[in-house]
Amino acid sequence: MPDATPETAVRRLADIRAEMAKAGKIARRSADDIALIAVSKTRNGDEIRPLLDAGQRVFGENRVQEAAAKWPLLRAAYPDIALHLIGQLQSNKADEAVALFDCIHSLDRISLLTALSKAMARAGKRVPCFIQVNIGAEEQKGGCAIGELPDLLEAARAEQVEIIGLMCIPPANVEPAPYFALLAELAARHGLSQLSMGMSDDFATAIMLGATHVRIGTALFGPRKAA
Ligand SMILES: *Cc1c(COP(=O)(O)O)cnc(C)c1O
């Protein structure tokens, strides 16, 4: 399948970096301030390695189990990678998540905060977190309600879990800009400097509205096979 050749992955990486730089320039922001998280869920080592060889070092996974199966081997070969958890996390996987990941984007409730705080204490490792906000108030979606954000932030301070910013996944099939702008406003209101927002279809918009972390899968690796 031509989509999976290493040359394709490397070219896509260069294209995305160029598009990120362009969006950053329009927003008068330095490309250095915007992290590209290569979302490698469902991709195997053979698909990931070309990106590692091309210099990509930050990767995102949405499942603890899948990441645990895949990354220890790759990490042994590329020790300087950073692994971000971008998917929903169950409290009973907090220990494994803390051991495996360098950053967690999906903290969205007090029970998970408590579990992560305990897991971090046991591991002697502090993992910075984003609070995921259910920015479109969608029933099926993860993320805390906007109204719950102040309490969750206060609880994180009490538990000494470092919250570096906010993350969102806007509703599908509608213009995402108002949701990105709202997330940026919430972050500013709470003195948080990082914004994890923007995926393959909308990362340029997200960057213009302040994204510091864009999470890109399909545009880098090609379409995912149906799960
Ligand atoms: C899969 C996923 C992405 C990447 O989506 P693409 O459209 O493939 O770029 C980003 N964020 C989260 C939370 C995801 O689960």
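The structure reproduced in this document is the subject of the present report. Quick caveat: nothing in here was measured; it's all calculated off a predicted structure.

Parameters and conventions
- Residues numbered from 1 in each chain as written.
- Predicted model: local features only at pLDDT ≥ 70, side-chain atom pairs only at ≥ 80, totals over all residues.
- Heavy atoms only, no water.
- Helix = DSSP H or I, 4+ residues; strand = E, 2+ residues; numbered from the N terminus.
- Buried < 20%, exposed > 50% of the residue type's maximum accessible area, 1.4 Å probe, protein only.
- Contact = heavy atoms within 4.5 Å.
- Lys, Arg positive; Asp, Glu negative; His and termini not counted.
- Charge placed at Lys NZ, Arg CZ, Asp CG, Glu CD.
- Axes fitted to C-alpha atoms, helices over the stretch in contact; angles between N-to-C directions.
- Parallel < 35°, antiparallel > 145°, perpendicular 65-115°, else oblique.
- Left-handed = near helix turned anticlockwise from the far one by under 90°.
- Nonpolar A, V, L, I, M, F, W, Y, C, P; charged D, E, K, R; others polar.
- 1 Å grid on protein atoms, 1.4 Å probe; cavity = no way out; pocket = protein on both sides within 12 Å on 5 of 7 lines; lining within 4 Å.
- Points joined across faces, edges and corners; volume = space filled by probe spheres on them.
- Arc of directions from axis to C-beta.

**Observations regarding the overall build of the protein**
Now for step 1: Of regular secondary structure, the protein possesses nine helices and eight strands.
Now for step 2: Each of the three principal axes of the protein carries a C-alpha extent, and together these read 50 × 40 × 30 Å.
Now for step 3: Counting over 227 residues, the protein shows a buried share of 48%.
Now for step 4: For the protein, the share of sequence-separated contacts (at least 6 apart) that also reach a separation of at least 24 residues comes to 60%.
Now for step 5: The average position of the 26 basic charges and that of the 27 acidic charges among the side chains of the protein differ by 2 Å.

**Topic: the packing of helix 2 (residues 45-53) against helix 3 (residues 64-77)**
Now for step 1: Where helix 2 meets helix 3, the closest approach of the two axes is 11 Å, and the angle between their N-to-C directions is 40°. Classified by the angle between their axes, helix 2 and helix 3 sit oblique to one another. At the point where helix 2 passes helix 3, the crossing takes the right-handed sense. Where helix 2 abuts helix 3, its residues G45, I48, R49 and L52 lie against K70, W71 and L74.
Now for step 2: Looking at the contact of helix 2 with helix 3 residue by residue, the classes come out as four nonpolar, one polar and two charged.

**Quick word on the layout of surface pockets**
Now for step 1: By volume, the largest pocket amounts to about 580 Å³.
Now for step 2: Lining of the largest pocket is provided by 27 residues; of these, K41, I169, M199, R215 and R224 occupy positions nearest its centre.

**Details of unusual backbone geometry**
Now for step 1: Although it is not a glycine, T42 sits at a positive phi angle of roughly 70°.
Now for step 2: Position of T42 among the secondary structure elements: in the loop between strand 1 (35-39) and helix 2.
Now for step 3: On the basis of relative accessible area, T42 is assigned to the partly exposed category, the value being 47%.
Now for step 4: Even without glycine at this site, Q160 takes up a positive phi of about 55°.

**What to know about helix 6 (residues 149-159)**
Now for step 1: Those residues of helix 6 lying buried are L149, L152, L153, A155 and A156. Seen from one end, helix 6 has its buried residues packed into an arc of 160°, which puts them on one side. For helix 6, exposure combined with an orientation more than 90 degrees from the buried face picks out D151, E154, R157 and A158.
Now for step 2: Lining the buried residues of helix 6 we find helix 5 (110-123), strand 5 (129-132), strand 6 (163-167) and helix 7 (177-189).
Now for step 3: Looking at the residues trailing helix 6, positive phi occurs at Q160, about 55°.

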